Number of protein chains: 2
Amino acid sequence: MGTLQVESRFKKYRYEAQMPKKPTIHKRTTLTNTGIFNIEQMDLEFSNGATRQYQRIVGSDQGAVLVVPMLDPETLLLIREYAAGMHRYELCFPKGHIEAGEGRVEAANREIQEEIGYAARDLQAITSVTVAPGYLYHTTHIVLARDLYPQRLPGDEPEPIETLPWKLSEFDQLLAQEEFTEARSIAALYIIRDWLANN
Amino acid sequence: MGTLQVESRFKKYRYEAQMPKKPTIHKRTTLTNTGIFNIEQMDLEFSNGATRQYQRIVGSDQGAVLVVPMLDPETLLLIREYAAGMHRYELCFPKGHIEAGEGRVEAANREIQEEIGYAARDLQAITSVTVAPGYLYHTTHIVLARDLYPQRLPGDEPEPIETLPWKLSEFDQLLAQEEFTEARSIAALYIIRDWLANN
């Protein structure tokens, strides 16, 4: 059990919090595996004795990458692609699962070659986010890709993916787009803007 | 088919893009319904003739709310709760599904009474985000809750949910917390900060 300390300029807000003890997993049962979704049930006992059964979707251990490509220091590259979950076209950043044997940066470089026809000389893993930690075992790693050059790898997309250059200075207009809804892309946009301002 | 127009201060970046034609769904088949996860397969034909089978998780039509509660104009209220998907404790904002017959604001007020023991006199639906539009039919509505007063409703949590007040001015420290990983909470934090600055 670790401790969490939060320092603050205002001394009265400094506090230590004990990390809670995780529930014990008494049993894990695969309920179904569709080939895409692997759903398991967990029989849990919390530290206070309460018991619960939870279901969760178990993704791969390596997770996925979301790539923020920059055509130049002022220009992001977004994509518009069909999103089957919502049955509509979405404006977002390129994403894809990390394949076996790949690192994050390698996966990011492969994904942008497949999806937008660019490779990058400068790739930086910035941070990692979860999507729905309550019911999805999955982490998406945000990677910044700069110093791009045209290079394409064949992908398995059903149709060409549209690329949309977007000036970083038109940040607010991007957030206002009805198609720009995905929490990971929104978070990545803000995080990258802050990162660029500090680096 | 609608059009998307992006105005820009720099005239050369102004362009119009035709909204692409959505694929035709030829068939929808329920693969499995675990009681929590409803998974269906969609047989699609894209406008270019390409065909694909996609699987997606179908959530409810009304979706969920993520509530950003503010104890006072400078102080957010976060929670720490067990997240079964990742099997760890997460720092995030209160969330919950919208129940039948509820609106977003009503659901938000119920959720914070159940999870943190406060009701709000001032509730505003700010925006909506998706979680994984590629494979999840689900929308989360972000609601700002202010002018809080103590009032609790019984919830079904296995253990008490910790509440953590956090100064808005300590924004960067929050983003730096290892437990603060959820894309929706990160996006909500940034969005609310901007909204408060503009309202």
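Residues numbered from 1 in each chain as written. Chains lettered and ligands numbered in written order. Predicted model: local features only at pLDDT ≥ 70, side-chain atom pairs only at ≥ 80, totals over all residues. Heavy atoms only, no water.

Caption draft 1: Here's a closer look at the domain arrangement of chain A. The domain boundaries assigned to chain A delineate domain 1 (3–58) and domain 2 (64–198). Relative placement of domain 1 of chain A and domain 2 of chain A: their C-alpha centres are 29 Å apart. (Domains from an automatic or database assignment.)

Caption draft 2: Structural context of the packing of helix α3 (residues 183–198) of chain A against helix α3 (residues 183–198) of chain B. Taken N-terminus to C-terminus, the directions of α3 of chain A and α3 of chain B make an angle of 60°; their axes are 8 Å apart at the nearest point. Put simply, α3 of chain A runs oblique to α3 of chain B. As for how α3 of chain A packs across α3 of chain B, the hand of that crossing is left-handed. Between α3 of chain A, through Ala183, Arg184, Ile186, Ala187, Tyr190, Ile191 and Asp194 of chain A, and α3 of chain B, the contact on the second element is made entirely by Ala183, Arg184, Ile186, Ala187, Tyr190, Ile191 and Asp194 of chain B. (Axes fitted to C-alpha atoms, helices over the stretch in contact; angles between N-to-C directions. Helix = DSSP H or I, 4+ residues; strand = E, 2+ residues; numbered from the N terminus. Parallel < 35°, antiparallel > 145°, perpendicular 65-115°, else oblique. Left-handed = near helix turned anticlockwise from the far one by under 90°. Contact = heavy atoms within 4.5 Å.)

Caption draft 3: Here's a closer look at unusual backbone geometry. Residues and elements named next belong to chain B. Of note in this structure, His87 is not a glycine but carries a positive phi near 50°. With respect to the secondary-structure elements, His87 resides in the loop between β7 (75–83) and β8 (88–92). If you check the backbone angles, Asp147 has positive phi at about 55° while not being a glycine. Residue position: Asp147 is located in strand β12 (residues 139–150). On the basis of relative accessible area, Asp147 is assigned to the partly exposed category, the value being 44%. (Buried < 20%, exposed > 50% of the residue type's maximum accessible area, 1.4 Å probe, protein only.)

Caption draft 4: Seen up close, α3 of chain A. Residues and elements named next belong to chain A. Given a rise of 1.5 Å per residue, 16 residues ought to cover 22 Å, and the 23 Å separating the end C-alpha atoms of α3 matches this to within 8%. Across the 16 residues that make up α3, a large majority, twelve, are buried. Turning to α3, its buried residues are Ala183, Arg184, Ser185, Ile186, Ala187, Ala188, Leu189, Tyr190, Ile191, Ile192, Trp195 and Leu196. (Expected span 1.5 Å × (residues − 1).)

Caption draft 5: Looking closely at the pattern of salt bridges. Tallied over the full model, the rule gives 28 salt bridges over all chains. Here Glu74 of chain B makes a salt bridge to Lys167 of chain B, at a shortest N to O gap of 3.7 Å. A residue pair is termed long-range when its members are at least 10 positions apart, and Glu74 of chain B in the loop between β6 (64–72) and β7 and Lys167 of chain B in strand β13 (residues 162–167) qualify at 93 residues. Taking relative accessible area as the criterion, Lys167 of chain B reaches 10% and is therefore assigned buried. Of the charged contacts in the structure, one is a salt bridge between Glu102 of chain B and Arg110 of chain B, with a shortest N-O distance of 2.5 Å. Per residue, the accessibility class of Glu102 of chain B equals that of Arg110 of chain B, and both read buried. Taken together, the salt bridges that share partners define one network made up of Glu99, Glu102, Arg110, Glu111 and Glu114 of chain A. (Salt bridge = Lys/Arg side-chain N within 4 Å of Asp/Glu carboxyl O.)

Caption draft 6: Seen up close, the sheet that holds strand β3 (residues 24–33) of chain A. Residues and elements named next belong to chain A. Across the sheet, four strands lie side by side as β3-β4-β5-β11; this open sheet has mixed pairing. Strand pairing shows two members of the sheet lacking a second neighbour, β3 and β11 (136–137), which therefore form its edges. Pairing analysis gives eight bridges linking β3 to strand β4 (residues 38–45), with the strands arranged antiparallel. When the sheet's bridge partners are listed, Lys27 is paired in β4 with Asp43. (Pairing = 2+ DSSP bridges.)

Caption draft 7: The arrangement of the relation of the copies chain A and chain B in detail. With an axial shift of 0.0 Å and an RMSD of 0.0 Å, the rotation relating chain A to chain B amounts to 180°. Viewed as a symmetry operation, the transformation between the two copies matches a two-fold axis. Residues of chain A ranked by C-alpha distance from the rotation axis are headed by Ala187 of chain A, positioned 2.4 Å from it. Here 100% of the contact residues of chain A are again contact residues in chain B; the copies associate through an equivalent surface. (Least-squares fit on C-alpha atoms with pLDDT ≥ 70 in both.)

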